[in-house]
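Structural overview for review
These are the residues of each chain, in order.
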Amino acid sequence: MATFLSKLFKPKWQSKHLPTRLEAIAALNENLDDEQKVLQQIALEDQHIEARSAAIAKVSSSQFLIDLHAKADEALKRGIETRLQQLANAQSLTLFDLIVDTRLLCEMIIKSDQPDVFINGLAHIEDPDALLQIATASKTSRTRQAAAELLETEQHLTELVQAAKSRDKSVYQIAKNKLNRIREELRARTSHRDAIAQLLLDLEDLSKTDNLQLYDAKLDSLAQRWQQHSVEVSTEEQTRFDSLTKACRQRSEQLHAEQQAAEQAEQLARAGGDEQAATLLMLEETLTRFQQQAPAAQDASALDALIKTQETRWLEATRHTPAERAQGKKYQTMMQALRQLLAALRALNEHGDRLAALTKEVKQSGKQIQTLIEKCKALQDTLSLINWPRQYAAPLVVQDAQNALEHSSEMKSALAENARAIQDEIQGMLKQLDRSLEDKQVKQSARLVRDIQAKLAKLDKRGTEKFQAPLSLYLKQLNDLRDWQSYAACPRQEALCEEMERLTQSSMEPRAKADKIRSMQKEWKTLGGASDQALWQRFKEAADRAYEPCQLYFEEQSRLKEKNLERRRTIVAQLNTFISENDWQYADWAAADKINQQARKDWKAAFPVDFKKNKGPQQEFNRLLKQLDDYLQQERERNHAIKEAIIKRAEALIEQEDLATAIQSAKDLQQEWQNVGITAHKVDRALWKRFRAACDAIFARRDQQRSERKEELNQNHDRADELLKRVEDRLQGSDNVDATTLSQMQSELRREFKQLGSLPRSAQEKIQNRYQNLLDTLNERIRKHKQQAERAAWSTAAQLAAHARRCYLASQNDALSDEQRATGDALCKADNGLPAALTEAMQASWISIKAGQLAPQHLLDEESARELCIRAEVAAGIDSPDSDKELRMRLQVSRLSEGLSNKSRHGSREEQLTEVLQDWYVKAGLDEASLAPFEARIQACVNALYGAEQ
């Protein structure tokens, strides 16, 4: 009874009949734990594949399925893999998230003919043996290529090269390229070790050498080379480097001390033995050097020693002779600047390694904006600790840090903006996906899903959270749409056949027709192929007929691609020859830059080309361009530094007191600027703006000075015009002004005109002419007054002489009256304006006449009278009577002889005539009748020089 009841109530899934069991399996609820256990039991124990497969299709435990897969036969494995894929999709996971068994994953990937399912997750497989197995045995080429890209060890890549050499060209090429890179890296590491060993040997030689020429430069060069290799050095090598560097630093300090002593001696000599001036000269030259050239790390000790020695030197120099206030202030300012520089240099030595490391991290932060912000903050704090003075040339590590901060600020803005742009783009793509699903566009929807997933991979976890829920919903709709489309594919395939047959009769442009054919073939594939082989054959034959007219076009395109490829190979060869054979130390950088640009243009013009065949030349061309760009960039950066130095020198000229020197220096700097070689356009434009601003500031001072000068000249012109007008007004109607007043006017005019200063060039000639005309007018009037005075004086002399001569003749007859005596005395005592010598001579002659004892030299006879008249006529420049011409000739010859023997005897006509008249008017002896013609000749001479009485 019990056995009967047990058989009666036995579950249907345990029935002996397969259809009953299948029906029972279909009725089981997979969401109930008890029935889920039943499904797992059936999957494990049922004797029929169909029942086990049906149960597996409803099992929801991924771990159970994974364990079952390990011991299942091939008939069940495909169903298990399909069920695992369904479970992953239901949870919005990939198989790589669901399955951790590498063996199972590897087996599934190798057998799969759907590469899109697995390619993106291959990176989850860390076992290189599994990746090697996939790269050699997977069904699809894309999967094999993706697995080959993930292999990194030389051993596995070597095995893959051997396995794929004659079987899979694309995988072989990938593996070969990666293997070459690994071996190149190995060679680079070997070269790196050799470089470290050689560097230590060079440093050891430097620490022992007796040749101190360019010692610091060599030490800096070795330190920079060490910095490039210091990432991969051993502790022992680092210790040895530090020890050798210390020895070299000590040697360098000794060298600096000797150089400093020599410089002090030289500066003392240049300062003329003045210790104060020599100290200031030493400090000034040191600051100037560091403004133009960045100090090296070892300069800290030398700079410290310099500050201490110069401080002591200044104290000794000012102990007995206090410095002037300006010199003391200048000393304090320069010492403060040196101490500031020393503090920055010490801080750089302390934090330099961290600064370089942070700079590198900032540059390599990539697209992680939060990491970039943190690294930038640390770099900025380190720069603040160093606090390098802006007026001095900064070392390269400081310049690199500053440039990295500038670049990072742009990157942070770009990354933040890019993240927002990606989110906005995903939002728009979700809307497109929604419309595409509504329009039942499976292919477009699947592409949008892939694109959205690719965009999500660029965001962080926080940025992707809000898109997970809607994307999962759209994925479910896409899967439903795919199921539905499989039923609707056949009518569309028949339509494609008809459309392809119509295309065979179309005269469409070959490329467009080929694109249309490929588009229709691609759509055929998206429909999942045709179960009706005849329908597929119909579609294929129509496609072949439609493609025939395109064949000639593409053959021509192929020949053109080959020709362009050959042109590109020629460009590569020429570029390689230029780079390898060019002497880059003395390169024509402008020509090199032009070649760089022309090569790019020629390369771009050689298009189209076959992509695969162009891959090698393209890589070589990119490598050569990179090498050429590196050379050009180094030269540009050097030229940027030169222009930066020119700008600093130009900015320093703005405050220079000597404006003429500053302007000439600015012009020289402009010429220097023009002579600087190639630069980056954007950087050069910014540098030019700064340089132009500095030059404009200098020339603005010149324009201001010119304006002030012009104003000064205009004021001088107004003052000159006022002065000349005042003198001109005084001269109008002033004919009766005496000579003294006129001389005063002349002196005042000359003095005030001299004090005016410079005049405008346009009015200078006119003012000068007016001034000269006034002087000429004054001179003429003064001359006329002098002539009148001279004439009046000689008239007086003639009256005195006439009275004296009459008295002489009377004294000879004893007829000299008392009245005549009194008149003569009165005339001699009067202030007659005659020259003092003549007055004295005439007084002496009068005394002799009164005494009746006239000296023989004062007696006048006709011969002496004629001779004196001739001498007077010669002096006055008038002719003598014909009767006296012979005597005049003899006298002139005689006087010429006397003049040659006595070179000091000369004078003007007035002086010569005065000499004759002084001799004439003191003589007497001839009666009035005899004297009259001679007197007339003497008066004619006076009138010739001083004018006749009006």
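The structure displayed is predicted, hence computed values, not measured ones.

A word on the packing of aromatic side chains
A full pass over the atoms with the stated rule returns 9 aromatic pairs. Where W603 meets F621, the ring centres are 4.0 Å apart and the plane angle is 0°; that geometry is what we call stacked. Here W603, found in helix α25 (residues 589–605), pairs with F621, found in helix α26 (residues 611–653); they are 18 residues apart in sequence, far enough to count as distant. Assessed through its relative accessible area of 5%, W603 is described here as buried. For the ring pair W688 and F691, a centre distance of 5.9 Å and an interplane angle of 50° mean the geometry is tilted.

Description of the pattern of salt bridges
Scanning all chains against the criterion turns up 30 salt bridges. Put simply, D630 and K626 hold a salt bridge, and the shortest N to O gap is 3.0 Å. Of the two residues, D630 and K626 both sit in helix α26, 4 residues apart, roughly one turn of that helix. With relative accessibility at 32%, the residue D630 sits in the partly exposed group. In this structure, the salt-bridge partner of D696 is R692, at a minimum N-O distance of 3.2 Å. Linking D696 with R692, this pair stays in helix α28 (residues 681–731), spanning 4 residues, or about one helical turn. Classification of D696 by relative accessible area gives partly exposed; the value is 38%. Note on R692: relative accessible area 43%, which makes it partly exposed. One salt-bridge network, held together by shared partners, links R866, E873, D884 and R937.

So, the confidence of the model for the protein
Averaged over every residue, the pLDDT of the protein is 77; the share at 70 or more is 83%. Segment residues 1–9: pLDDT under 50, and 0 contacts once partners within four positions in sequence are set aside and those in other chains are kept. Contacts from residues 900–905, a stretch scored under 50 in pLDDT, to residues over four places away or in other chains number 3 contacts.

Thoughts on the side chain of K58
With respect to the element layout, K58 can be found in the loop between α4 (49–56) and α5 (62–71). Engagement of the side chain of K58 in a polar contact is seen with the backbone oxygen of L28, the distance being 2.5 Å. Beyond its immediate chain neighbours, meaning those up to four positions away, K58 contacts I25, A26, L28, E30, Q36, L39 and R83.

Some details on empty space enclosed by the protein
Overall, the coordinates contain 2 cavities of 30 Å³ or more when judged by the stated rule. There is about 110 Å³ of room inside the largest cavity. Residue lining of the largest cavity: 16 residues in total, with L800, A801, A804, M842 and W846 positioned closest to the centre. Mapped onto the lining of the largest cavity, the elements with two or more residues apiece are α30 (761–812), α31 (818–829) and α32 (836–851).

As for the packing of helix α27 (residues 659–675) against α28
Contact pair α27 / α28: the axes reach a minimum separation of 10 Å and the direction vectors enclose 155°. Classified by the angle between their axes, α27 and α28 sit roughly antiparallel to one another. Relative to α28, α27 is oriented so that their crossing is left-handed. In this structure, α27 contributes L659, A662, I663, A666, K667, L669, Q670 and W673 to the contact, and α28 contributes D684, L687, W688, F691, C695, I698, F699, R701, R702 and Q705. Within the contact of α27 with α28, the residues separate by chemical class into 12 nonpolar, 2 polar and 4 charged.

Thoughts on helix α12 (residues 154–164)
For α12, every residue scored as buried is listed here: H156, L157, L160, V161 and A164. Along the axis of α12, the buried positions cluster into a sector of 140°, meaning they face one direction only. The exposed residues of α12 that point more than 90 degrees off its buried face are Q155 and Q162. In this fold, the buried residues of α12 make contact with α10 (128–137), α11 (141–150) and α13 (169–208).

A short note on the packing of helix α24 (residues 533–581) against α25
Put simply, α24 and α25 touch, their axes get as near as 10 Å, and they point 165° apart. The angle between α24 and α25 falls in the class roughly antiparallel. Every pair of crossing elements has a handedness; the one defined by α24 and α25 is left-handed. Here R567, R568, I571, V572, L575 and F578 of α24 come into contact with α25, specifically with A592, I595, A599, D602, W603 and A605. Broken down by class, the residue content of the contact of α24 with α25 amounts to 9 nonpolar, no polar and 3 charged.

About the cut-offs
- Residues numbered from 1 in each chain as written.
- Predicted model: local features only at pLDDT ≥ 70, side-chain atom pairs only at ≥ 80, totals over all residues.
- Heavy atoms only, no water.
- Phe/Tyr/Trp six-rings, centres within 6.5 Å; stacked < 30°, edge-to-face > 60°.
- Helix = DSSP H or I, 4+ residues; strand = E, 2+ residues; numbered from the N terminus.
- Buried < 20%, exposed > 50% of the residue type's maximum accessible area, 1.4 Å probe, protein only.
- Salt bridge = Lys/Arg side-chain N within 4 Å of Asp/Glu carboxyl O.
- pLDDT = per-residue confidence, 0-100.
- Contact = heavy atoms within 4.5 Å.
- Polar contact = N/O pair within 3.5 Å; in protein donor to acceptor, adjacent residues only side chain to side chain.
- 1 Å grid on protein atoms, 1.4 Å probe; cavity = no way out; pocket = protein on both sides within 12 Å on 5 of 7 lines; lining within 4 Å.
- Points joined across faces, edges and corners; volume = space filled by probe spheres on them.
- Axes fitted to C-alpha atoms, helices over the stretch in contact; angles between N-to-C directions.
- Parallel < 35°, antiparallel > 145°, perpendicular 65-115°, else oblique.
- Left-handed = near helix turned anticlockwise from the far one by under 90°.
- Nonpolar A, V, L, I, M, F, W, Y, C, P; charged D, E, K, R; others polar.
- Arc of directions from axis to C-beta.

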